[in-house]
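# Observations on the model geometry
The residues making up each chain are set out below.
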Amino acid sequence: MLTEDYIIRMIRDMGKMLARVLGSDGLEPEETIEEWAERSSGDSLFLKELYDLCDRGEINRAENLLFEQLDFSDSTTLPIVLGFYQHLNGFSDKELEMGNYSREEIFEGLTDCAEQYGIDPQLMNAFCP
């Protein structure tokens, strides 16, 4: 349980760091990444679609859709990425496993997205467990 809590915190902190690096300073101190994403996402229907797929256990399909449809050349799409991975981060390890997914894949997905936004992968490696 302590290991799971640590990893969950690391993923949350990784998301906050990405928001700062990409200049998304709209994240309020008391606000969760998921709340911020829902508030600031220009495409909240897309984010809701991703959430719904994840909640039905279709996590890999949702992640594929994220990478297929998101414009990574536009940093204003970051709330969708962070909201998606934060939503997954709220799942238990068992729920992730039932969706054929893992907490490590959340790290990998965030790292892949960061690279798509042009962030040096070495910066992301500082967060890897």
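Described below are features of the structure shown in this document. Remember, it's a predicted structure, so these values are computed and weren't measured experimentally.

Cut-offs applied
Residues numbered from 1 in each chain as written. Predicted model: local features only at pLDDT ≥ 70, side-chain atom pairs only at ≥ 80, totals over all residues. Heavy atoms only, no water. Helix = DSSP H or I, 4+ residues; strand = E, 2+ residues; numbered from the N terminus. Buried < 20%, exposed > 50% of the residue type's maximum accessible area, 1.4 Å probe, protein only. Contact = heavy atoms within 4.5 Å. Areas by Shrake-Rupley, 256 points an atom, 1.4 Å probe, with all protein chains shown as cover. Expected span 1.5 Å × (residues − 1). Arc of directions from axis to C-beta. Core = buried A, V, L, I, M, F, W, Y, C linked by side-chain atoms within 4.5 Å. Phe/Tyr/Trp six-rings, centres within 6.5 Å; stacked < 30°, edge-to-face > 60°. Axes fitted to C-alpha atoms, helices over the stretch in contact; angles between N-to-C directions. Parallel < 35°, antiparallel > 145°, perpendicular 65-115°, else oblique. Nonpolar A, V, L, I, M, F, W, Y, C, P; charged D, E, K, R; others polar.

This part is about the overall build of the protein. Across its full length, the protein holds 8 helices and 0 strands. Listed N to C, the secondary structure of the protein is α-α-α-α-α-α-α-α in terms of helices and strands. Counting every position in the protein, which comprises 129 residues, the buried fraction comes to 45%. Intrachain contacts of the protein at a sequence separation of at least 6 include 62% that bridge at least 24 residues. With the model as given, the accessible surface of the protein reaches about 7000 Å², and the carbon-plus-sulfur share is 47%.

In this model helix α3 (residues 44-55) runs 16 Å from its N-terminal to its C-terminal C-alpha over 12 residues, within 8% of the 16 Å that 1.5 Å per residue would give. Here α3 has its buried residues at Phe46, Leu47, Leu50, Tyr51, Leu53 and Cys54. Projected onto a plane normal to the axis of α3, the buried residues spread over an arc of 160° and lie on a single side.

Next up on the list: helix α5 (residues 78-89). Here α5 contains 12 residues, and its C-alpha end-to-end distance of 16 Å stays within 8% of the 16 Å for a straight helix at 1.5 Å per residue. Counting buried positions along α5 gives 12 out of 12 residues, so the element sits mostly inside the fold. Residues of α5 that are buried: Leu78, Pro79, Ile80, Val81, Leu82, Gly83, Phe84, Tyr85, Gln86, His87, Leu88 and Asn89.

This next bit is on the nonpolar core. In this structure, Leu50, Leu66, Leu70, Val81, Phe84, Tyr85 and Leu88 are the most contacted members of the largest nonpolar core, which totals 26 residues. Sorting the residues of this core by element identifies α3, α4 (59-69), α5 and α7 (103-116) as the ones contributing at least two each. By residue number, the principal contributor to this core is α5, which donates 7 residues. Ignoring sequence-local partners within four residues, the contact set of Leu66 consists of Phe46, Leu50, Phe72, Ile80, Val81, Phe84, Tyr85 and Cys113.

Here we come to the packing of aromatic side chains. In total, this model carries 3 aromatic pairs according to the counting rule given. A ring pair is formed by Phe72 and Tyr117, whose centres lie 5.2 Å apart and whose planes are at 70°; its orientation type is edge-to-face. Placement of the pair is Phe72 in the loop between α4 and α5 and Tyr117 in the loop between α7 and α8 (121-125), with a sequence separation of 45 residues. Residues Phe84 and Tyr85 carry aromatic rings whose centres are separated by 4.8 Å and whose planes lie at 75° to one another, so their mutual orientation is edge-to-face. Since its relative accessible area comes to 1%, Tyr85 is described here as buried.

Note: most residues except glycine have negative phi, and most peptide bonds are trans. Positive phi values are uncommon outside glycine, yet Asn100 reaches one of about 60°. If you trace the backbone, Asn100 turns up in the loop between α6 (93-98) and α7. With relative accessibility at 60%, the residue Asn100 sits in the exposed group.

In this section: the packing of α5 against α7. Running from amino to carboxyl end, α5 crosses α7 at an angle of 175°, the nearest separation of the two axes being 10 Å. Taken together, α5 and α7 sit at an angle that is classed as roughly antiparallel. For the pair α5 and α7, the contacting residues are Val81, Leu82, Tyr85, Leu88 and Asn89 in the first and Arg103, Ile106, Gly109, Leu110 and Cys113 in the second. Its residues placed into classes, the contact of α5 with α7 shows 7 nonpolar, 2 polar and 1 charged.

The values reported here are purely geometric and, on their own, carry no functional implication.
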